[in-house]
Amino acid sequence: MTHYIEDLQPGMSATIGKTITDADIALFAGVSTDTNAVHLDEEFGKTTAFGGRIAHGMLSASFISAVLGAHLPGPGTIYLAQTLKFKAPVRPGDTVKTTVTVKEVIAAKKRVILETICKVGETVVIEGEATVMIGNKPA
């Protein structure tokens, strides 16, 4: 569903969930070329502060883009900016729930500012803020 600038109000939100698989991590490593052993090698991961393998932070962050582009505001959304604060690791098998919430609508500039949160259970793993551009309803 596409939302236009006229449709959006502070407090509107949308959420998706995705369980992280070993295949997701391997594919993301291939696409991003981030082959850090902490993501791909369990034995190496055990030697780190995480005590095991973790998913790429940007893999989880990419779910924010999925919500923005497919749900809220939806198709036609143009990503302009994103802040991210990584708060906790995501491990293979974890389900990441990503929620975006409209904070501010700047209709004159066709801009929307949204709070972005990724959680595993009740643990916030990523928090931030996105700025997007979205058009007016067609005449």
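See the structure printed just above.
The notes below deal with the structure included here. (Residues numbered from 1 in each chain as written. Predicted model: local features only at pLDDT ≥ 70, side-chain atom pairs only at ≥ 80, totals over all residues. Heavy atoms only, no water.)

1. Observations regarding unusual backbone geometry
The peptide bond linking Leu-72 to Pro-73 adopts the cis configuration, its omega dihedral lying at 0 degrees. Tracing the sequence through the fold places Pro-73 in the loop between helix H4 (57-70) and strand E2 (78-86). Positive phi is not limited to glycine here, since Thr-33 has a value of about 65 degrees. Looking at the element boundaries, Thr-33 is found in the loop between helix H1 (22-32) and helix H2 (37-40). Despite not being glycine, Lys-110 has its phi angle at roughly 55 degrees, a positive value. Tracing the chain through its elements places Lys-110 in the loop between strand E3 (95-106) and strand E4 (111-120). You can call Lys-110 partly exposed: its relative accessible area is 33%. (Helix = DSSP H or I, 4+ residues; strand = E, 2+ residues; numbered from the N terminus. Buried < 20%, exposed > 50% of the residue type's maximum accessible area, 1.4 Å probe, protein only.)

2. Regarding the pairing of E4
Burial analysis of E4 places seven of its ten residues in the buried class, which makes it a mostly covered element. Linkage of E3 to E4, two consecutive antiparallel strands, is achieved through a turn of four residues, within which Lys-110 is found at a positive phi near 55 degrees. Taking the residues that link successive antiparallel strands as the turn, the E4-strand E5 (residues 123-133) hairpin has two residues, and the phi of Gly-121 there is positive, at about 65 degrees. (Pairing = 2+ DSSP bridges.)

3. Some details on H1
Within H1, the full set of buried residues consists of Asp-24, Ile-25, Phe-28 and Ala-29. End-on view of H1: buried residues confined to an arc of 135 degrees, all on one side of the axis. Counted as exposed and oriented over 90 degrees from the buried face of H1: Leu-27, Gly-30 and Val-31. Thr-33 sits one or two positions beyond H1 and adopts a positive phi of about 65 degrees. (Arc of directions from axis to C-beta.)

4. Looking at the sheet that holds strand E1 (residues 13-19)
Within the open sheet, the five strands sit side by side as E1-E3-E4-E5-E2. Their pairing is antiparallel. Of all strands in the sheet, those with a lone pairing partner are E1 and E2, marking the two edges. When strand polarity is set aside, the average angle formed by the axes of neighbouring strands in this sheet is 20 degrees. Two elements, E2 and E5, share eight bridges in a ladder whose sense is antiparallel. Across the sheet, residue Ile-78 finds its bridge partner in E5, namely Met-133. Together, E1, E2, E3, E4 and E5 form the strand contacts of H4, whose direction differs from that of E2 by roughly 140 degrees. (Axes fitted to C-alpha atoms, helices over the stretch in contact; angles between N-to-C directions. Contact = heavy atoms within 4.5 Å.)

5. Some details on the pattern of salt bridges
For side chains bearing opposite charge, pairing can occur when the charged atoms are close. Using the criterion set out here, one finds seven salt bridges in the structure. Two residues, Glu-43 and Lys-46, come together in a salt bridge whose shortest N-O distance is 3.4 Å. Of this pair, Glu-43 and Lys-46 both sit in helix H3 (residues 42-46), three residues apart, roughly one helical turn. As a salt-bridge pair, Lys-87 and Glu-127 come within 3.7 Å of each other at their nearest N and O atoms. Within this pair, whereas Lys-87 is found in the loop between E2 and E3, its partner Glu-127 is found in strand E5, the two being separated by 40 residues in sequence. Owing to a relative accessible area of 42%, Lys-87 belongs among the partly exposed residues under this scheme. Glu-127 gets classed as partly exposed once you look at its relative accessible area, which sits at 28%. Through salt bridges that share partners, Asp-22, Glu-42 and Arg-53 make up one connected network. (Salt bridge = Lys/Arg side-chain N within 4 Å of Asp/Glu carboxyl O.)

None of the figures reported here should be taken as evidence of function without further support.
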